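Breakdown of the fold
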Amino acid sequence: MVSDEASSLASAWLRDAARPELDAALRAVFDEASREVDERRPICLAGGHCCRFAEYGHDLFVTGLETAWFLLRAGRPPERRDRSLPILASGACPWLDGRLCGARSARPLGCRTFFCDPRHAAWSTGLLERLHARIRSMHEEFGVVYRYGEWLRMLSLFADAGSTRRGTS
Ligand code: SF4
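Below, the structure is looked at part by part. Note that the structure is a prediction, hence the values are computed from the model and not measured.

**Examining the overall build of the chain**
- Across its full length, the chain holds eight helices and four strands.
- Its C-alpha atoms give the chain a radius of gyration of 15 Å, within 12% of the compact-globule value 15 Å for 169 residues.
- With the C-alpha coordinates aligned to their principal axes, the bounding extent of the chain is approximately 45 × 40 × 25 Å.
- In the chain, buried positions account for 48% of the 169 residues.
- Pairs at least 24 residues apart make up 80% of the contacts formed inside the chain by residues separated by at least 6 positions.
- If you sum the accessible surface of the chain, you get close to 9100 Å²; carbon and sulfur atoms cover 52% of it.
- Considering the chain, the positive charge centre built from 24 side chains and the negative charge centre built from 22 side chains are found 4 Å apart.

The following block contains the structure:
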């Protein structure tokens, strides 16, 4: 069961994520992340481990606005055998498609800046913090409510609120 507040937050974020000026601002942040990652050339073995949070033992944190932006653009998650499981119980991102991301162009900043190779931890953490600060400041600039939370919980909030258009529950 989701509170009225959570439901109205999810609806407001979906409206905000569709605003052209916010879309452009988020895309600029993601483009900057891509440019810096391209320059550093970290090796990603595309094992999909980092998207299986329970198994890998880490969490992904996102803003509500990024989650809404993702949901508007990601398309349906790939079919899974455990599709009947609630998002939280699955312990993995619903968009993990085998070993690959099934929504690469829409993925949030934390996915774009995480690399499991510890040699890349220092610069990638710095990049995440710097670009997250830009996303946070967008909330003030555009009058958007700021919330930062764990990815599967944030997706669940939208699903429970009936605000996803892609059937993530
Ligand atoms: S959006 Fe893509 S990269 Fe991010 S956790 Fe989900 S499957 Fe992994």
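**Here we look at the pattern of salt bridges**
- Taken as a whole and assessed by the stated rule, the structure comprises eleven salt bridges.
- Linking Glu-21 and Arg-19 is a salt bridge whose minimum nitrogen-to-oxygen distance equals 3.0 Å.
- The partner of Arg-130 in a salt bridge is Glu-32, with the nearest N and O atoms 2.8 Å apart. One end of the pair, Arg-130, is in helix α7 (residues 121-142); the other, Glu-32, is in helix α2 (residues 20-40), and 98 residues separate them in sequence.

**Details of the nonpolar core**
- Judged by nonpolar contacts, the single largest core of 45 residues is most densely connected at Trp-13, Phe-70, Trp-95, Met-138, Trp-151 and Phe-158.
- Counting only elements with at least two residues in this core, the list comes to α1 (4-17), α2, α4 (64-73), α7 and α8 (151-160).
- The contacts of Phe-70, once residues within four sequence positions are left out, are Trp-95, Ala-103, Ala-106, Arg-107, Pro-108 and Trp-151.

Parameters and conventions
Residues numbered from 1 in each chain as written. Predicted model: local features only at pLDDT ≥ 70, side-chain atom pairs only at ≥ 80, totals over all residues. Heavy atoms only, no water. Helix = DSSP H or I, 4+ residues; strand = E, 2+ residues; numbered from the N terminus. Rg over C-alpha atoms; globule rule 2.2 N^0.38 Å. Buried < 20%, exposed > 50% of the residue type's maximum accessible area, 1.4 Å probe, protein only. Contact = heavy atoms within 4.5 Å. Areas by Shrake-Rupley, 256 points an atom, 1.4 Å probe, with all protein chains shown as cover. Lys, Arg positive; Asp, Glu negative; His and termini not counted. Charge placed at Lys NZ, Arg CZ, Asp CG, Glu CD. Salt bridge = Lys/Arg side-chain N within 4 Å of Asp/Glu carboxyl O. Core = buried A, V, L, I, M, F, W, Y, C linked by side-chain atoms within 4.5 Å.

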